[in-house]
Amino acid sequence: MPNFRASLTDPDEFTLTFELVPGRGSRSARHDRIKGLVTDLARDGRICALSVTDNAGGHAMLAPEVVGQEIMAAGLDVISHFSCKDKNRNKMESLLLGLNRTGLSNLLVISGDYPGKGYCGGPKPVFDLDSVQALAMIKQLNQGRGGPEEGTDFFMGVAVSPFKTLEAEQRLQYRKLSAKAGAGAHYGITQLGFDARKYQEALLYVETRGLNLPLLANVFIPNLTVARLMRAGQIPGCLMPESLWQLMVKEAQGADQGRQARLLRGARQLAILQGLGYSGAHIGGPGLAMTDLDFLLTKAAQLRPNWQEQLDHLNHWPANTFYFFGQEGELNSHEEKAKGTEKKFSPVYRANSCFHELFFSPRGPLYNLSRQTCSFLEKSGLSKPFGALEHLGKFLLFACRNCGDCTLSHFAYHCPQSGCAKYLLNGPCGGSQNGWCEVHPGKKKCHYVKAYNRLQGVGREESLGREFVPPRNWQLNNSSSWLNYFAGRDNSQSRPCQGSAPPKG
């Protein structure tokens, strides 16, 4: 059986994986077609591993750990998507122990799509851990700490999107990739896109930051239906450039409705990505059959020796896009773009930062008085009325959710519990577009973009995402975060739980 880990860590190999999206049925015709494709791919031998999504789109589907065992039995390696959206940290650990026992050791650790419709309406979004925190937990399991004494053996992958249009979004994506590497990630897979410079940008970032992460490039072949959804912004984090959309519409007028043209474009993309230096490619797309994949891989191998000649076919992206590196010919230079330097006075940030430094910084002149006062309030039985008063003030100022484990100072005094639909504490998800939240597009700005812009206004944007933020302690819910801070109960006291180095970049 092919070994994904061995292949990806071999610099002489170009590792190919294919993404499967299970359906809702456990004995459906769709699942039978998947099993047939798995058999064909195992016989063909060019695909090293199949990745299995975890409730893609936020909808309940056949579990990846079930499909994964069938794939291994057919003779292919498996990458199990492991998302944070619908299970708490204890359920995660339980699933991990089960995956370890069954030999499903390759993971793609992601935040996950926001939950869609379920039984009797919308399910509760969990996001108890974010992807960086989940990586840190799995790293501890691998080391035999906090779990099985013998240790687990997970090979952890992460996602990164080089395909952002705004400076704030793009810089935050790469900063989170650094945080994931620091938390224990072993490899990365890019989001899908259609621009060679953006693909190369991710490689250059990993190289210049010394992250030592082999990268798989996402090669997605959309049909016209999926392209239309992407163009309408209905697939989180996936942007359909107008130039490519118009080309696909024109191609669809042919006898095969553009199928051959889409496959040829994918083959060109594969050849370019191998030429750029990717460690492999992660292939996906709706309705692809073995004949399609055979054409795709065969044609890509033919085009590979002259991949530079294909660059004109992979240049679809909005003209106003921010690039992390400067341009050199059709690709990037190694020179990073300068950060935006616009400064503006932020009275909200200045006032809250001053308050925080005075009362909560150990160096602050009123820190000792604050600590003594909070200790007195707790011993005197006044903690509940004091907590209610604290919550009222913070609700009016920050839309506080009274979590009792406050992280306002990490996010330029924007509350992540009310400001981020996924409650993420260590960087944004990949679903935002043009600064808008994945869950509330056109209505609510991304929490992290707002925090970045506020910090950039005072020249402190580099502080965002620099420090690992531990997961929220739910035992402190509906209690005073000030009392918890001075009593040593909140997240500021649990940073050693991460087991990771601070991120670079």
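Residues numbered from 1 in each chain as written. Predicted model: local features only at pLDDT ≥ 70, side-chain atom pairs only at ≥ 80, totals over all residues. Heavy atoms only, no water.

> Outline the packing of aromatic side chains, supporting the account with residue identities and numerical values.
Two aromatic rings are characterised by how far apart their centres lie and by the angle between their planes. Applying the stated criterion across every chain yields a total of 22 aromatic pairs. Look at Phe360 and Tyr485: their rings are 5.8 Å apart centre to centre, the planes differ by 75 degrees, and that puts the pair in the edge-to-face class. Of this pair, Phe360 sits in the loop between helix H12 (347-359) and helix H13 (367-379) while Tyr485 sits in helix H17 (residues 481-486), and the two are 125 residues apart along the sequence. Given the relative accessible area of 11%, Phe360 is considered buried. Relative to Tyr448, the ring of Phe411 lies with its centre 5.6 Å away and its plane at 85 degrees, an arrangement referred to as edge-to-face. You can see Phe411 sitting in the loop between helix H14 (383-398) and helix H15 (416-419) and its partner Tyr448 sitting in helix H16 (residues 447-457), a full 37 residues away along the chain. The pair Phe411 / Tyr448 is uniform in exposure class, with both members buried. Put simply, the rings of Phe355, Phe359, Phe360, Tyr367, Phe386, Trp482, Tyr485 and Phe486 touch in pairs and so form one group of aromatic residues. (Phe/Tyr/Trp six-rings, centres within 6.5 Å; stacked < 30°, edge-to-face > 60°. Helix = DSSP H or I, 4+ residues; strand = E, 2+ residues; numbered from the N terminus. Buried < 20%, exposed > 50% of the residue type's maximum accessible area, 1.4 Å probe, protein only.)

> So what about the sheet that holds strand E6 (residues 187-190)? Which residues, and what values?
Taken in spatial order, the eight strands close into a barrel running E1-E2-E3-E4-E5-E6-E7-E8, and their pairing is parallel. The mean angle between the axes of side-by-side strands here comes to 30 degrees, regardless of whether they run parallel or antiparallel. Sheet topology note: the strand E2 (residues 49-52)/strand E3 (residues 77-83) ladder contains four bridges and is parallel. Paired with Ser51 across the strands is Ile79, a residue of E3. (Pairing = 2+ DSSP bridges. Axes fitted to C-alpha atoms, helices over the stretch in contact; angles between N-to-C directions.)

> Just give me the short version of the packing of helix H9 (residues 242-251) against helix H10 (residues 259-276), but keep the residues and values in it.
Running from N to C, H9 and H10 cross one another at 140 degrees; their axes reach a closest spacing of 8 Å. The angle between H9 and H10 places the two elements in the oblique class. Contacts from Leu244, Leu247, Met248 and Glu251 in H9 reach Ala261, Arg262 and Arg265 in H10. Per-class residue counts for the contact of H9 with H10 are four nonpolar, no polar and three charged. (Parallel < 35°, antiparallel > 145°, perpendicular 65-115°, else oblique. Contact = heavy atoms within 4.5 Å. Nonpolar A, V, L, I, M, F, W, Y, C, P; charged D, E, K, R; others polar.)

> Please set out the pairing of E3 residue by residue, giving values where relevant.
A regular strand carries its side chains on alternate faces of the sheet. Most of E3 sits inside the fold, with seven of its seven residues counted as buried. The alternating pattern of E3 places Asp77, Ile79, His81 and Ser83 and Val78, Ser80 and Phe82 on opposite faces, both of which are buried. Following the chain from E2 across helix H3 (residues 64-74) to the adjacent parallel E3, one finds a crossover that is right-handed. Taking the sense of rotation as the criterion, the β-α-β connection linking E3, helix H4 (residues 89-102) and strand E4 (residues 106-110) turns out right-handed. (Right-handed = clockwise from strand over helix to strand, strands pointing away.)

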